[in-house]
Amino acid sequence: MMIVLDQLTKRFGTQTAVDALSFEIPAGQIVGFLGPNGAGKSTTLKMLTGMIEPSGGRATVCGYDLQREPIEVKRHVGFVPESGAVFESLTGLEYLEMVAALYGIPQNAARARIKQFIAFFDLSFETLTDKLLGAYSKGMRRKVVITSALLHNPPVVFFDEPLDGLDANAAVGFKALIQTLAREGKTIVYSSHILDVVERVCHRVIIIDKGRLLLDGKPDELVAAHSAGTLEKLFTQLTGGAELERRAEDFARTFRP
Amino acid sequence: MSATDPTSPSVLPEPVPAPEKILRRLFLTLFLRGRGARGLNKQRVPKSIGEKLALTLGIYLLFGCMALFFLGQPVFALAVYLHAMTFMFLGMFIASSAGEILFNKEEADILLHRPISPKAMLWAKVRVLVEVSLWLAFAFNLAGLFVGFGSAGNWRFPIVHLASTTLEALFCTGCVVLTYQLCLRWFGRERLEGLMTTAQVFVAVAAVMSGQILPRLVFRVGHVLNVGESSWWINLLPPAWFAGLDDAFAGSAALDSWLLAVLAVAVTALILWIAFDKLAHDYETGLQALNETISTRVKKQNHRRWLDRLVNVPPLSWWLRDPVARASFLLTAAYLIRDRDVKLRVYPGIVPILILPFIFLFQNHHPNGSHDIGFGVPFSGIYLGMVPLLGLGILQYSQQWQASDIFRVAPMSGPAQICHGARRAVLCLLALPMLLLVVLIVWLLRGDLSQLILFLPGIIALPVFALVPSIGGKGVPLSLPTDAAKAAGRGLNMILVMIVAFALAWLASLSWSQGWFWWLMLGETIVAIGLYAVMRVALANVRWPSIE
């Protein structure tokens, strides 16, 4: 198993963000990690990438214990955070070379890998060397962040809203990329609110709410078992979205500006 | 429909506050709370910023007690001192805050498409700047108000001084805004970012120079400075105009005071009119320009190649063998050279450090050409330890602080190598050039190469000073939101360095005159090596704290 969570818990003061979460993910699987806002998805991903310490339970990534061997865990994971934050006063190339150095990749090897990624993402090398990241469009910046997560060729990759800002073509390319990565044996954890993409791309979905596991299984099987029709409908059924739809209709009827 | 339904026709609509008022409240809240706070707890964020602001005000209040030295002096001398120092503090504060408040990049997306005039937005921001700068000014001037009232026995002094200080705050704000607008008008939007940085650095330098020079002149003119008896050029410095206002209404009421007072009012009015009325439209252009990308292209012969070459030649390539330290060096160097936000805080912050040693140097340099060994030279050398301390302290803060999460995701147990890279960048790009500059000045001033040996105590202490900001792994560059920088916490380190600088400089000059200078150097070297080793080991053992 590439990822194992056993009663993983995170508390912020009195608030429990992740509540005894347990699941396992094998190699080569693309897992959609879903939940409404504030469900604990980003907190879980940050725990699994060693950014925040769990309050309880344990987890292993690639066989390394998160609390005892955090450096080994970090060496084996790539992470695309939701914020997509970059150092805007660096050029794209400078940023990627800096990230490569953090993972101990020599400059020449890093540059060769960067060239492969920019060719894939249809970025020009001139843009990467001459323009500061602050001047990039949101989509271009996202491509740089995705490249930075994959540069060290990690066996496990966590994506938190990776399609945010990407245009349709880039999104199609990205979906093909993660499917290829999974075929090569990489484990992909994909957190997103775009559920039709999750439904089409992921082998399995894990839905959490209020830090707890709600559902875990193959998307088509889960949809069929709950007679929901689509993953989106299943998601709204489980997380109170149906109630929201009713409230939206009420609001539209009664709202008088 | 219930009786409490706001849409009910029986309920009178609440009066809507004017947009200026709403905007002023918004910008003040953002200033106090910060724009980039991480975390869930709304209550904690404003409280912490408020506490820091209160601490800053407390320090200003204590510092203002220096005015007690002016008991029994003429009103003009006291007023010149108070206005010069206020001018420096306000100038520094406004210059460093104006960039973030006036030209915030994200703001265009949030506000420019709303039905708000640029003039209203500008005025709301200016009111916040003036309001906060008046808090600082009031804290600093409080003791001075009592001194003025006590020594002159004049009840009008506190009232007039408060009015003249308010006018001074408006003048400072107007100057900063006007500088931006003129840059925009004369040089175009393509170069706005670079020009804003340069302009702001110059405004801060001017404020510091003006604020530092005048009080010392007050002491130099035989402890008595009366209006009309000083050098003509003193009247060209803005603090003297506002001091004239105080002297005209609550002091000697001499003709010269009245002339200075008229000058203060007229120049302030003129600057406010040009900045906030005549050129208000340019402000909107500036905000729009910030969102355009044309200015952010790096030139062909860019800093990157220069930096690349720098880190690949010995001795720097030997010093930066560790790839993480080298990456951190390049990141820090890029921000010191390119990033407007960092430059605006680093360079104006460093200017006062340069001025103090110069004052000591000049004080020991007699007009007849002779000079004491004094402690001017050793003090200048040791005081330069403040450069890495301040530089690294400021570099921790960035508008892109969230990007530093990459350090935590990377396979590093702690921040030691990142801190070392940043420290080396600051030493190479800030401390070393400043050391060379001070050495050159001393050499030109004294014409005696043998005195340069007196820089040794400073050079030996420099690596230790440079490690201080990294204690506990705090020196990670660009890892904290800029709002957290509005604290007075660094003050303690500064005071510590100043005490060490005074003590070591005194020891150095004493040992030089009594012939045991080299023994002192040996002792200092041993202590410095010991401290350096302990600090490095401590830093190597620091682990990343959880980012909760």
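Small disclaimer: the values here were computed from a predicted structure and weren't measured. (Residues numbered from 1 in each chain as written. Chains lettered and ligands numbered in written order. Predicted model: local features only at pLDDT ≥ 70, side-chain atom pairs only at ≥ 80, totals over all residues.)

**Description of the overall build of chain B**
Thinking step 1. In terms of regular secondary structure, chain B is built from 21 helices and 0 strands.
Thinking step 2. Classification of the 548 residues of chain B by burial places 44% in the buried group. (Helix = DSSP H or I, 4+ residues; strand = E, 2+ residues; numbered from the N terminus. Buried ≥ 20, exposed ≤ 12 C-beta atoms within 10 Å, placed from the backbone.)

**With respect to the sheet that holds strand 7 (residues 156–160) of chain A**
All names here are of chain A.
Thinking step 1. Judged by pairing direction, the sheet is mixed, and its 6 strands sit side by side in the order 6-7-8-3-9-10 without closing on themselves. Either end of the sheet is taken by a strand with one partner, and the two such strands are strand 6 (77–80) and strand 10 (212–217). Taking the axes of each pair of neighbouring strands and ignoring which way they run, one obtains an average angle of 15° across the sheet.
Thinking step 2. One ladder, built from 4 bridges, connects strand 6 with strand 7; its direction is parallel. (Pairing = 2+ DSSP bridges. Axes fitted to C-alpha atoms, helices over the stretch in contact; angles between N-to-C directions.)

**Quick notes on the packing of helix 19 (residues 456–467) of chain B against helix 21 (residues 517–540) of chain B**
All names here are of chain B.
Thinking step 1. Two elements in contact, helix 19 and helix 21, have axes separated by 9 Å at closest approach and are oriented at 10°. By the angle between their directions, the pair helix 19 and helix 21 is classed as roughly parallel. Only Met521, Glu524, Thr525, Ala528, Leu531, Tyr532, Met535 and Arg536 of helix 21 make contact with helix 19, whose side of the interface consists of Leu456, Pro457, Ile460, Ala461, Pro463, Val464 and Leu467.
Thinking step 2. Looking at the contact of helix 19 with helix 21 residue by residue, the classes come out as 12 nonpolar, 1 polar and 2 charged. (Parallel < 35°, antiparallel > 145°, perpendicular 65-115°, else oblique. Contact = placed C-beta atoms within 7 Å. Nonpolar A, V, L, I, M, F, W, Y, C, P; charged D, E, K, R; others polar.)

**Regarding the sheet that holds strand 1 (residues 3–12) of chain A**
Residues and elements named next belong to chain A.
Thinking step 1. With respect to topology, 4 strands assemble into an open sheet ordered 2-1-4-5, the strand pairing being antiparallel. Because the sheet does not close on itself, it has two edges, and the strands there are strand 2 (15–25) and strand 5 (64–65).
Thinking step 2. Bridge count between strand 4 (residues 56–61) and strand 5: 2 bridges; the pairing is antiparallel. If you follow Thr60 over to strand 5, its bridge partner there is Asp65.

**Quick word on unusual backbone geometry**
Thinking step 1. The amide bond that connects Pro314 of chain B to the next residue, Pro315 of chain B, takes the cis arrangement and shows omega of 5°.
Thinking step 2. The phi dihedral of Gln7 of chain A is positive, around 55°, even though this residue is not glycine.
Thinking step 3. Counting through the fold element by element, Gln7 of chain A comes out in strand 1.
Thinking step 4. Look at Gln7 of chain A and you get partly exposed, because 13 C-beta atoms sit within 10 Å.

**What about the nonpolar core?**
Thinking step 1. Counting residues in hydrophobic clusters, the biggest one holds 146 residues, and the most contacted among them are Leu102, Ile188 and Tyr190 of chain A.
Thinking step 2. With 11 residues, the top contributor of residues to this core is helix 18 (residues 416–446) of chain B.
Thinking step 3. In this structure, Ile188 of chain A is in contact with Ile30, Val31, Val157, Phe159, Ile178, Leu181 and Ala182 of chain A, ignoring residues within four places of it in sequence.
Thinking step 4. Counting residues in each nonpolar core, the second largest holds 66 residues, with Ala67, Ala84, Leu129 and Ala250 of chain B among its members. (Core = buried A, V, L, I, M, F, W, Y, C linked by C-beta atoms within 7 Å.)

**A closer look at the environment of Leu177 of chain A**
Residue and element names in this part refer to chain A.
Thinking step 1. By secondary structure assignment, the location of Leu177 is in helix 7 (residues 168–183).
Thinking step 2. A count of 18 C-beta atoms within 10 Å places Leu177 in the partly exposed class.
Thinking step 3. As a C-alpha pair, Leu177 and Leu214 span 37 residues in sequence and 29 Å in three-dimensional space.

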